[in-house]
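Inside the fold
Residues per chain, in single letters:
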Amino acid sequence: MASHSQVLVEEKSSVRILTLNRPKQLNALSFQMISRLLQLFLAYEEDPSVKLVILKGQGRAFCAGGDVSAVVRDIGQGNWRLGAKFFADEYMLNYVMATYTKPQVSILNGIVMGGGAGVSVHGPFRIATENTVFAMPETVLGLFPDVGASYFLSRLPGFFGEYVGLTGARLDGADMLACGLATHYLPSTRLTALEAELCRVDSSDPALVSTILDAYTQNPHLKQQSAYHRQVLDVIDRCFSGRTVEEIIAALEREATHGGDDWISSTIRALKKASPASLKISLRSIREGRLQGVGQCLSREYRMVCHVLKGDISKDFVEGCRAILIDKDKNPKWEPWRLEEMKDRMVEQYFKRVEEEEDLKFPARKNLPALAMAKL
Ligand SMILES: CC(C)(COP(=O)(O)OP(=O)(O)OC[C@H]1O[C@@H](n2cnc3c(N)ncnc32)[C@H](O)[C@@H]1OP(=O)(O)O)[C@@H](O)C(=O)NCCC(=O)NCCSC(=O)/C=C/c1ccc(O)cc1
């Protein structure tokens, strides 16, 4: 095992343990990591001696998303197609994971954001701990929740997915378990024992893996400020079921006038901070995702991300990265600045094929999600 490599590989009997290994960058996914993961997952699928894959992160993060700094460099050099290649491979990896024929167990013992959700949530087993911090923070970067998020967020109960995807709200391990983004929860001190037991399973039978995980899982209490308490969920459903982003914000503001609390004001603040273009395309993407399979969601997201990278409708992604990651002034100048200036016909354009760019096509797979075990 080469310790300098960005994905560490351990072979333990019929189990392969893959560790994302860029701890200083919170395991942000580089192009190299994505290519390597794709190559390993495809090889393991063909190798009868491999029965189970465990994915985890080195250090305090599972994975803080795609490596945004590399992309900004590419766009800065005027080469949006280099960025598009990154996303094409990333979405292919997400698709392979969503349709994988062997169980994938992801150990989410730390930060899980953006692309980090994409390499875990599509698999059948997601283990949260007391250290887990989950978010889809793309709308404040001028992007939108991608990596198949329009598939998995739209399948969360009620309108919780719209809430998580539009506001970038952070969830802890207990929230993730409650809403179904995680399938199990255990204290991090038990992870070593769990891993050792999984290494003895010698089977690809999800029911056997489930039995092992069930024996370790605990039922954590939701924190007092959790958004998953019934009374907050009711507000989320009332407001985030709005047809448009403007309606969602107006509904939240109405709720706030009837005795608003910290949760409502921080939710309104989060929406007002985000890119108007991102908010509108994200809402439409999640709504369309409700009726689409994972492959359709990823192909549509690929069209959308090509427009984002090309900057032909709005250049908010470059501006968001500048304000949040490069200059760190946290003061992006979104264009358009106001929600009402982001017209329906501009939103519509994100969903059209980019000129001279092929749609993303996925290979035929044996294990289509509709036939696979329930994921969420
Ligand atoms: C809340 C975080 C996760 C932790 O904050 P922290 O504890 O104060 O830690 P730092 O912010 O100091 O992060 C430690 C280091 O990791 C780096 N890092 C932390 N996330 C990252 C990161 N996604 N990338 C590239 N370095 C990072 C971060 O820049 C920093 O590097 P350095 O300043 O050199 O020490 C914070 O780092 C943060 O907000 N990170 C960004 C999270 C985020 O927006 N994720 C991405 C969602 S979008 C996505 O997944 C797709 C992106 C993408 C878009 C287009 C493409 O072509 C390809 C990819």
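Refer to the preceding data block for the structure.
For clarity, every value in this text was computed on a predicted model and none was experimentally measured.

Cut-offs and rules
Residues numbered from 1 in each chain as written. Predicted model: local features only at pLDDT ≥ 70, side-chain atom pairs only at ≥ 80, totals over all residues. Heavy atoms only, no water. Pairing = 2+ DSSP bridges. Helix = DSSP H or I, 4+ residues; strand = E, 2+ residues; numbered from the N terminus. Contact = heavy atoms within 4.5 Å. Axes fitted to C-alpha atoms, helices over the stretch in contact; angles between N-to-C directions. Salt bridge = Lys/Arg side-chain N within 4 Å of Asp/Glu carboxyl O. Buried < 20%, exposed > 50% of the residue type's maximum accessible area, 1.4 Å probe, protein only. Expected span 1.5 Å × (residues − 1). Near = heavy atom within 4 Å. Polar contact = N/O pair within 3.5 Å; in protein donor to acceptor, adjacent residues only side chain to side chain. Areas by Shrake-Rupley, 256 points an atom, 1.4 Å probe, with all protein chains shown as cover. Nonpolar A, V, L, I, M, F, W, Y, C, P; charged D, E, K, R; others polar. Phe/Tyr/Trp six-rings, centres within 6.5 Å; stacked < 30°, edge-to-face > 60°. Lys NZ or Arg CZ within 6 Å of the ring centre and 35° of its normal.

1. Quick notes on the sheet that holds strand S10 (residues 184–185)
- Pairing is mixed in the open sheet, where 6 strands are placed in the order S1-S2-S3-S5-S7-S10. A single partner strand is all that each edge strand has here, and the edge strands are strand S1 (7–12) and S10.
- Here 2 bridges tie strand S7 (residues 125–128) to S10, and the two strands are oriented parallel to one another. From the neighbouring strand, Ile127 faces S10, where its bridge partner is His184.
- Its contacts with the sheet place helix H8 (residues 191–198) against strand S2 (15–20), strand S3 (52–57), strand S5 (104–108) and S7, and it is angled at close to 160° to S3.

2. Points about the sheet that holds strand S8 (residues 133–135)
- Overall, mixed pairing links the 4 strands, which are arranged S4-S6-S8-S9 in an open sheet. The sheet is open, and its two edges are formed by strand S4 (61–63) and strand S9 (171–172), each paired on a single side.
- In this sheet, S9 lies alongside S8 in antiparallel orientation, the contact comprising 2 bridges. Bridge pairing links Phe134 to Leu171 in S9.

3. Remarks on the pattern of salt bridges
- Inspection of the entire model under this criterion finds 25 salt bridges.
- Here Glu11 and Arg16 are joined by a salt bridge, their closest N and O atoms 3.9 Å apart.
- Arg16 gets classed as buried once you look at its relative accessible area, which sits at 6%.
- Where Glu195 meets Lys56, a salt bridge forms, and the shortest distance between an N and an O atom there is 3.0 Å. You can see Glu195 sitting in helix H8 and its partner Lys56 sitting in strand S3, a full 139 residues away along the chain. Just as Glu195 is buried, Lys56 falls in that class too.
- A cluster of three or more residues bridged by salt bridges with shared partners is formed by Arg284, Glu288, Arg300 and Glu348.

4. A word on helix H13 (residues 276–289)
- Here H13 is 14 residues long and its end C-alpha atoms lie 20 Å apart, about the 20 Å a rise of 1.5 Å per residue gives.
- Of all 14 residues in H13, 11 are buried, a share of seventy percent or more.
- All of the buried residues along H13 are Pro276, Ala277, Ser278, Leu279, Lys280, Ile281, Ser282, Leu283, Ser285, Ile286 and Gly289.

5. A word on the site of the ligand
- Surveying the vicinity of the ligand reveals 24 residues, the closest of which are Arg60, Ala64, Gly66, Val71 and Phe87.
- Within the backbone of Val68, one N or O atom sits 3.1 Å away from a nitrogen atom of the ligand.
- Burial of the ligand by the surrounding chains reaches 70%, relative to a free accessible area of 1,100 Å².
- Those elements that place two or more of their residues in the shell around the ligand are helix H2 (68–76), helix H3 (80–98) and strand S6 (111–113).
- Split by residue class, the shell around the ligand holds 13 nonpolar, 5 polar and 6 charged.

6. Describing unusual backbone geometry
- Note the cis peptide between Glu335 and Pro336, where omega equals 0°.
- For Pro336, the position within the fold is in the loop between helix H15 (316–326) and helix H16 (344–350).
- Notably, Asp202 is not glycine yet its phi reads approximately 50°, a positive angle.
- Inspection of the secondary structure puts Asp202 in the loop between H8 and helix H9 (206–216).

7. Here's the deal with the packing of aromatic side chains
- Inspection of every chain in the model, using the stated rule, returns 9 aromatic pairs.
- Consider the rings of Tyr95 and Phe362, whose centres lie 4.3 Å apart with planes at 25°: the pair is stacked. Placement of Tyr95 in helix H3 and of Phe362 in the segment after H16 is noted, with a sequence separation of 267 residues between them. Here the two residues Tyr95 and Phe362 agree in accessibility, since each one is buried.
- Centre to centre, the rings of Phe160 and Tyr163 are 5.6 Å apart; their planes meet at 50°, and the pair counts as tilted. Placement of both Phe160 and Tyr163 in helix H6 (residues 160–167) is noted, with a separation of 3 residues, approximately one turn of the helix. Each member of the pair, Phe160 together with Tyr163, is buried.
- Following the ring pairs from residue to residue traces out a cluster consisting of Phe160, Tyr163, Tyr228, Phe240 and Trp263.
- Sitting over the face of the ring of Tyr44, Arg16 holds its NZ or CZ atom 5.9 Å from the ring centroid.

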